[in-house]
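Breakdown of the fold
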Amino acid sequence: MRLPPSVAATVRAAPTVWLHPHCSVVSLNSFVSRYLVCPIHERLLGRDTFRCARILDSSQWLAPTDLAELQRTKLSALFHHATMNTSFYRDRLRRAGVDPAMDDPGAALSSIPPLTKQDIRESAEEMIWRNAPHGVFSSHTGGSTGEPLAFFFDRRRQAYDQAARIRTHRWFGVEMGDRELYLWGSPTENLRTDRLKRWRDSCFNQRLVNAFDMSAATMDRYLDEWDRFRPACLFGYPSSIALLADHARGRAIDLTALRAVFVTGEVCHPHQRETIAAYFGAPVANGYGSREAGFIAHECPEGSMHITSENVIVEVLDEQGGVLPVGETGEIVVTHLDAYAMPMIRYRTGDVGRLKHGRCACGRGLGLMDIVLGRTTDFLYLPDGTVKHALSIIYPLREMPGVRQFHVVQDERYAVTVEIVADDDCGSLSEENVTEHVRRAIGNEVDLRVRFVDFIASTASGKYRYVESRVKRPCVTSCVETLSHV
Ligand SMILES: [Zn+2]
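The residue count restarts for each chain, going from 1 along the sequence in the order it is written. Under the rules for a predicted model, residues below a pLDDT of 70 receive no local features and side-chain atom pairs below 80 are neither given nor counted, while totals for whole chains, interfaces and linings still include all residues. To get the side-chain values, all heavy atoms of the structure are used, and hydrogens and water are removed first.

Some thoughts on the coordination of the zinc ion
The zinc ion binds to the protein through C300 (SG), H306 (NE2), C360 (SG) and C362 (SG); the donor distances cover 2.1 to 2.3 Å. Donors, by definition, are the N, O and S atoms found within 2.8 Å of a metal, the threshold being 3.2 Å for Na, K and Ca, and water is not counted, so a site can look incomplete. Only two sets of limits are used to name each site, 85 to 135 degrees for every angle of a tetrahedral four-donor site, and over 155 degrees for opposite donors with all other angles from 65 to 115 for a square planar four-donor or octahedral six-donor site, with any other site named irregular. Geometry at the zinc ion is tetrahedral, judged from the four donor atoms that bind it and their angles of 100 to 125 degrees at the metal. In terms of primary sequence, the donors binding the zinc ion are separated according to C-x5-H-x53-C-x1-C.

Have a look at this one:
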């Protein structure tokens, strides 16, 4: 693909090695991780991450008109690819009257029907380009939206998403290889807590502590880990980080000296941001994206939510699917310009937001947006005081074949009810195996009821809350109370 001249010139001028002014002193571990481990790792996986990162590091300063030109060039290439290599998009673009050779592919974008999760479920095989360089990989997602989804990706897309992440960390003086503490959770990651996993984390200068297990005792251990590790930044769910901050404050522990706290995965409510910023004394930067839609946007130090304009086109649609003008609120729809194994053209995220006019004071030409309403989940509580992040129950549910949609409610007496809408072809899905999977997350101390239903009613309060808890826990009010307003 040929880059527009202005973009190509900027990329050629990009430096090959970075050193942020805040990071003039680099520890040996950081140095080895940044210049040895990470490059070798990316090379072995076939990901061109560092070249992508150099491109993004330069292109963020392009004028908005040049970025729009870059988007048109990449969109045209994506249309050509999708038409040539996937029967799904060949048919979809033809029916929409889109000719990949047209001068302004951006103008044609709105004539293509938005892509739903149902489209992907029904037509995944017809959407996949099996010849993607370095292979095609599958993943599950959508757990936090209550609608599980299997999708496919290639190394090119991964490299650009990873490069976008590197760039936004650098905005806050955090370089690849700097010490990073993850307050995160997923079944895969947390099962790999053996020696090999810890060795791998130490090579990358990372530590993982489990956001799915937040009892007082485990949080004490996390704080001890923190004290030994002394991270440069913290990355995790805002609800879990605010909970840890509350716990640490109660024990009068000093967790300051961070360069930034990166929050993602769910809505970051203002009270959580205040709690986190006040306690850690560091900027709180919100990232917006998803596994299937990519690295969509991230806050800069000036507080603006910048779209990753080189990699994604963001549109905002009304309820009838019409494109809304900048400033008006509607559903966020994303086209990933570097997703080639399974093109994502006009993918409906289910989140609500708006595009914004103007240019940020930081000087970057990247587009601006706001997230108005997105994925929100409550904690679940166990009688012994353990607090479970909602994703700990969401992850096993989303990975069960045959689960189309689910909703989880915990009542005042800790009892949990799981409602499931099953696919027509739901195979081995049964009350017994759902119970078994959920019990692994919540244990055996609370009542559990699994119900198969035809549909899950969408209420004003429940539309974006897929895990709701009605247990009253005054000790964590800062994390929970405002969620009930959503
Ligand atoms: Zn900015």
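Details of the sheet that holds strand 18 (residues 448-452)
Pairing between strands requires that DSSP locate at least two bridges from one strand to the other. Working definition: helices are DSSP H or I runs of at least four residues, strands are E runs of at least two. Numbering for both runs from the N terminus. Ordered by their spatial adjacency, four strands build an open sheet running 18-17-16-19, and the pairing between neighbours is mixed. The outermost strands of the open sheet, each flanked by one partner alone, are strand 18 and strand 19 (467-469). Within the sheet, the average angular offset between the axes of one strand and its neighbour, ignoring direction, is 15 degrees. Every residue pair with non-hydrogen atoms within 4.5 Å of one another is taken to be in contact. To get an axis, fit a line to the C-alpha atoms, keeping to the stretch in contact for a helix; angles then go from 0 to 180 degrees between the N-to-C directions. Set on the sheet, helix 15 (residues 431-442) makes contact with strand 17 (416-422) and strand 18; between it and strand 18 the angle comes to about 140 degrees.

Brief notes about the packing of aromatic side chains
Working definition: a ring pair exists when centres of Phe, Tyr or Trp rings (six-membered ring for Trp) sit within 6.5 Å. Plane angles under 30 degrees give stacked, over 60 give edge-to-face, the rest tilted. Counting across every chain of the model gives nine aromatic pairs. Consider the rings of Y182 and F235, whose centres lie 5.2 Å apart with planes at 55 degrees: the pair is tilted. Here Y182, found in strand 3 (residues 180-184), pairs with F235, found in strand 5 (residues 233-236); they are 53 residues apart in sequence, far enough to count as distant. The exposure class of F235 is buried, given its relative accessible area of 12%. Relative to F280, the ring of W226 has its centre 5.6 Å away and its plane inclined at 15 degrees; by these criteria the two rings are stacked. In this pair, W226 is assigned in helix 11 (residues 216-229) and F280 in helix 13 (residues 270-280), connecting sequence segments 54 residues apart. By the burial criterion, W226 is buried, and F280 matches it. By way of ring pairs, the aromatic residues Y182, W184, F235 and Y237 are connected into one cluster. Remark: a charge is flagged as sitting over a ring if the NZ atom of Lys or the CZ atom of Arg is within 6 Å of the ring centre and within 35 degrees of the ring normal. The residue whose ring lies beneath K74 is Y160, and the NZ or CZ to ring-centre distance is 4.5 Å. Directly above the aromatic system of F235 lies the positively charged group of R165, at a separation of 4.6 Å from the ring centroid. A simple rule labels every residue: compare its accessible area, found with a 1.4 Å probe on the protein chains alone, to the largest value its type can have, and call it buried under 20%, exposed over 50%, or partly exposed in between.

Quick notes on the confidence of the model for the protein
Scored between 0 and 100, pLDDT is the confidence that the predictor attaches to each residue. Here the protein averages 83 in pLDDT, and 85% of its residues register 70 or above. Confidence, expressed as mean pLDDT per element, reaches its minimum in the protein at helix 16 (residues 477-480) with 31 and its maximum at strand 9 (residues 305-307) with 97. Taken as a whole, residues 459-463 scores under 50 in pLDDT and shows four contacts with residues more than four places along the chain or in a different chain. Overall, residues 474-486 carries pLDDT values under 50, and its contacts beyond four positions in sequence, including any with other chains, amount to 30 contacts.

Thoughts on unusual backbone geometry
Despite not being glycine, R230 shows a phi value in the positive range, around 55 degrees. Structurally, R230 is set in the loop between helix 11 and strand 5. With a relative accessible area of 42%, R230 lands in the partly exposed category.

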